[in-house]
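Chain and residue survey
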Amino acid sequence: MSKNWPEILKGVAQSTGGLAKDAPDAMRAFGGLAAAATKDGALDKKTKELMCAAISICLRCDGCIAYHTNAAIKAGASR
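The following refers to the structure shown. (Residues numbered from 1 in each chain as written. Predicted model: local features only at pLDDT ≥ 70, side-chain atom pairs only at ≥ 80, totals over all residues. Heavy atoms only, no water.)

Quick look at the overall build of the chain
Put simply, the rule is: Here a helix means four or more residues in a row that DSSP labels H or I, a strand means two or more in a row labelled E, and each is numbered from the N terminus. Here the term buried applies to any residue with accessible area under 20% of the maximum for its type, exposed to any over 50%, and partly exposed to those in between, with areas from a 1.4 Å probe on protein chains only.
Scanning the chain from terminus to terminus reveals 4 helices and 0 strands. Taken from the N to the C terminus, the helices and strands of the chain come in the order α-α-α-α. Overall size of the chain, expressed as C-alpha extent along the three principal axes, is 40 × 35 × 20 Å. When each of the 79 residues of the chain is scored for burial, the buried share is 15%.

Pasting the structure below:
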């Protein structure tokens, strides 16, 4: 059975949007942590996002897979 990844990503965006509305301080802190963890350093953002995608696959977290794959593409990952 194939999955509709764009729909899964849309669901993640809706969920995080709801969390940002209900718990803005916590989501702002989480966003800051995520930004700090994925900024260029010893590894570039693209590599870090690809690693996050791999971990998401191992964990079988569909929302995580969709989010981190999309982030990796935005960071320059390609085929």
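Comments concerning the packing of helix α1 (residues 5–22) against helix α4 (residues 62–74)
The cut-off we apply is this: Structural elements are reduced to axes, namely lines fitted to C-alpha atoms, with helices fitted over the stretch in contact, and the angle between N-to-C directions of any two is expressed from 0 to 180 degrees. Should an angle lie under 35 degrees it is considered roughly parallel, over 145 roughly antiparallel, and from 65 to 115 roughly perpendicular; all remaining angles are considered oblique. The criterion used for residue contact is that any of the two residues' heavy atoms lie within 4.5 Å. The nonpolar class holds Ala, Val, Leu, Ile, Met, Phe, Trp, Tyr, Cys and Pro. Asp, Glu, Lys and Arg form the charged class, and all remaining residues, Gly among them, are polar.
Across the interface, α1 lies against α4 with an axial gap of 9 Å and an inter-helix angle of 95°. Classed by the angle they form, the pair α1 and α4 counts as roughly perpendicular. In this structure, α1 contributes W5, I8, L9 and V12 to the contact, and α4 contributes D62, G63, I65, A66, Y67 and N70. Here the contact of α1 with α4 is built from residues that sort into 7 nonpolar, 2 polar and 1 charged.

Remarks on the side chain of T38
Where we set the bar: Polar contacts, as used here, are pairs of N or O atoms within 3.5 Å; protein pairs need one atom able to donate a hydrogen and one able to accept it. Residues neighboring in sequence count only if both atoms are side-chain atoms.
Mapped onto the fold, T38 is located in helix α2 (residues 24–38). At a separation of 3.2 Å, a polar atom in the side chain of T38 contacts the side chain of K45. With sequence-adjacent residues up to four places away left out, T38 is seen in contact with K45, K48 and E49.

Some details on the state of the cysteines
Where we set the bar: Disulfide: a pair of cysteine sulfur atoms within 2.5 Å of each other.
For the coordinates displayed, the defined rule picks out 1 disulfide. Across a sulfur-sulfur distance of 2.4 Å, C61 and C64 are joined as a disulfide pair. Here the disulfide of C61 and C64 is right-handed, its torsion about the S-S bond being about 60°. Lacking any disulfide linkage, C52 is separated from the closest cysteine sulfur, that of C64, by 9.4 Å. Looking at C58, it has no disulfide partner, and the nearest cysteine sulfur is the one in C64, 12 Å off. For C58, a relative accessible area of 66% puts it in the exposed group.

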